[in-house]
Amino acid sequence: MHYHMSRLSIAALALSLGLTLALASGQAPSLRTLANERGLLMGGAISSELFNADNPDEAATVNREYNAVVAENAMKMRAIANSPNPGNYLFATADAMVASAQKNGQTVRGHTLVWHDSAPAWIYEIKEKAAMRVAMTQYITTVVRHFGDRINIWDVVNEAISDGPGNPLRNNNPFAVAGPDFIALAFRTAHAANPAARLYYNDYGVEGLNGKSDAMYALVKGLLEGGVPINGVGFQAHLDTNFSVGDSGMQANLQRFRNLGLEVQLTEVDVQMVGNGSEKEKLARQAQVYGELLSTCLAVKCSAFMMWGVSDWTSWRAGGKPLIFDDGYAKKPAYGALIRVLQMAGK
Ligand code: XIL
């Protein structure tokens, strides 16, 4: 007993010393610590850069700052199923990412099951409705079951709505061969494969109140009315510094989806620096947009704020320097803006 007590008190002493030292040195809390306190998923997209031993900053940053991750490309159909035979599906990279996430206590968002842009060649060869339904069912079932309860959030359908006037579904979607209910089919199949998973529709250009977000609202409302198992909507938020969160009507837009009983997440946030002004001014403007995006997300009780990458250097839009860590993984003003919003939001 004495032995245990003393071990305990040594541990307590060490803990309080550690805390005191952290406070004395002004050590700031990480995004993930603050997000954890608020039950918010906060993180971003990871790529094979996570495993690049020559760039240890990538993994260090991800594991210090993110409590949630999403594979930038490794779970897309073209990465997993370049063969139609489930026996030949390629899961190695995705599995390594999930293992890393589990080791580091991070939630994984699964991205994405049905997306025209990542359909492999063999999908385009299918012209028969029944055959496409079999292909979709088999693919979704195999992938969702493969990850099982390691992934309990899926972007089931990505970017199905067209950008054109009227915004019906895009007409270049090979999966539409499965019939007008191909979206419902995808959600029902994913739900059957993992009934515990939260299932999302995810799209871009739908952040504010506009024709495309109206079309998305009509789509998901119709799915709900049809008893389709959809739990949430992902708003990608690939934006630039000209975007005005306030003028766009973003909060009212997100709220109308919340009012349908759906979860809301910002899933792929990045804010490219555009326009005139000094570097310092552009960084400040970017920080402002990031801060407003997060506070709008929190105002509607969103469940995740995910960024599309880690540092500007490896961003898919590297030229626009759209992320919160610079090319050398230093914290940009946008990082500070997110910290401040989380601190002000309370617990
Ligand atoms: C992008 C990746 O970042 C790129 O590396 C890849 O070449 C194409 O896809 N919407 C999405 C993401 O849902 O999957 C996309 O990711 C960006 C736009």
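Residues numbered from 1 in each chain as written. Predicted model: local features only at pLDDT ≥ 70, side-chain atom pairs only at ≥ 80, totals over all residues. Heavy atoms only, no water.

Draft legend 1. Just the site of the ligand, in detail. All residues in the neighbourhood of the ligand are listed as Glu72, Asn73, Lys76, His111, Trp115, Asn158, Glu159, Gln236, His238, Glu268, Trp308 and Trp316. A distance of 2.7 Å separates an oxygen atom of the ligand from a polar side-chain atom of histidine 111. The separation between an oxygen atom of the ligand and a polar side-chain atom of asparagine 158 is 2.9 Å. A total of 410 Å² of accessible area belongs to the ligand in isolation, and the protein chains cover 77% of it. Residues that form the shell around the ligand fall into these classes: three nonpolar, five polar and four charged. (Near = heavy atom within 4 Å. Polar contact = N/O pair within 3.5 Å; in protein donor to acceptor, adjacent residues only side chain to side chain. Areas by Shrake-Rupley, 256 points an atom, 1.4 Å probe, with all protein chains shown as cover. Nonpolar A, V, L, I, M, F, W, Y, C, P; charged D, E, K, R; others polar.)

Draft legend 2. Structural detail: helix H8 (residues 182-193). Across its twelve residues, H8 extends 16 Å between first and last C-alpha, which sits within 8% of the 16 Å expected from 1.5 Å per residue. With nine of twelve residues buried, H8 is to be regarded as a mostly interior element. Among the residues of H8, those classed as buried are Phe182, Ile183, Ala184, Leu185, Ala186, Phe187, Thr189, Ala190 and Ala193. Residues of H8 that are buried in the fold lie against strand E3 (107-114), helix H7 (129-147), strand E4 (153-158), strand E5 (198-203) and helix H9 (211-225). (Helix = DSSP H or I, 4+ residues; strand = E, 2+ residues; numbered from the N terminus. Expected span 1.5 Å × (residues − 1). Buried < 20%, exposed > 50% of the residue type's maximum accessible area, 1.4 Å probe, protein only. Contact = heavy atoms within 4.5 Å.)

Draft legend 3. Main features of unusual backbone geometry. Cis geometry is adopted by the peptide bond preceding threonine 112, which originates at histidine 111 and carries an omega value of 0 degrees. Among the secondary structure elements, threonine 112 is positioned in strand E3. Positive phi, normally seen in glycine, also occurs at alanine 237, with a value near 65 degrees. Within the secondary structure layout, alanine 237 lies in the loop between strand E6 (232-235) and strand E7 (238-240). The exposure class assigned to alanine 237 is buried, which follows from its relative accessible area of 0%.

Draft legend 4. Structural detail: the environment of leucine 185. Summarising the element assignment, leucine 185 is placed in helix H8. By relative accessible area, leucine 185 is classed as buried at 15%. Residues leucine 185 and glutamine 343 lie 158 residues apart in sequence; the distance between their C-alpha atoms is 42 Å. Excluding anything up to four places from it in sequence, leucine 185 contacts Arg133, Met136, Thr137 and Ala178.

Draft legend 5. Highlighting the packing of helix H11 (residues 250-258) against helix H12 (residues 279-299). In the contact formed by H11 and H12, the axes pass within 9 Å of each other and the chain directions differ by 35 degrees. Considering how the two elements wind past one another, H11 and H12 form a crossing that is right-handed. Facing H11, whose interface residues are Met250, Gln251 and Leu254, H12 presents Leu293, Thr296 and Ala299. Taken together, the residues of the contact of H11 with H12 break down into four nonpolar, two polar and no charged. (Axes fitted to C-alpha atoms, helices over the stretch in contact; angles between N-to-C directions. Left-handed = near helix turned anticlockwise from the far one by under 90°.)

Draft legend 6. Representation of helix H13 (residues 333-345) within the structure. Compared with an ideal rise of 1.5 Å per residue, which puts 13 residues at 18 Å, H13 spans 18 Å between its outermost C-alpha atoms and is within 8% of the ideal. Here H13 has its buried residues at Ala334, Tyr335, Gly336, Ala337, Leu338, Ile339, Val341 and Leu342. Summarising the contacts, the buried residues of H13 are in contact with helix H2 (31-37), strand E1 (41-46), helix H3 (56-65), H12 and strand E9 (304-307). Immediately downstream of H13, the backbone of glycine 346 shows phi near 70 degrees, a positive value.

Geometry only, nothing functional implied.
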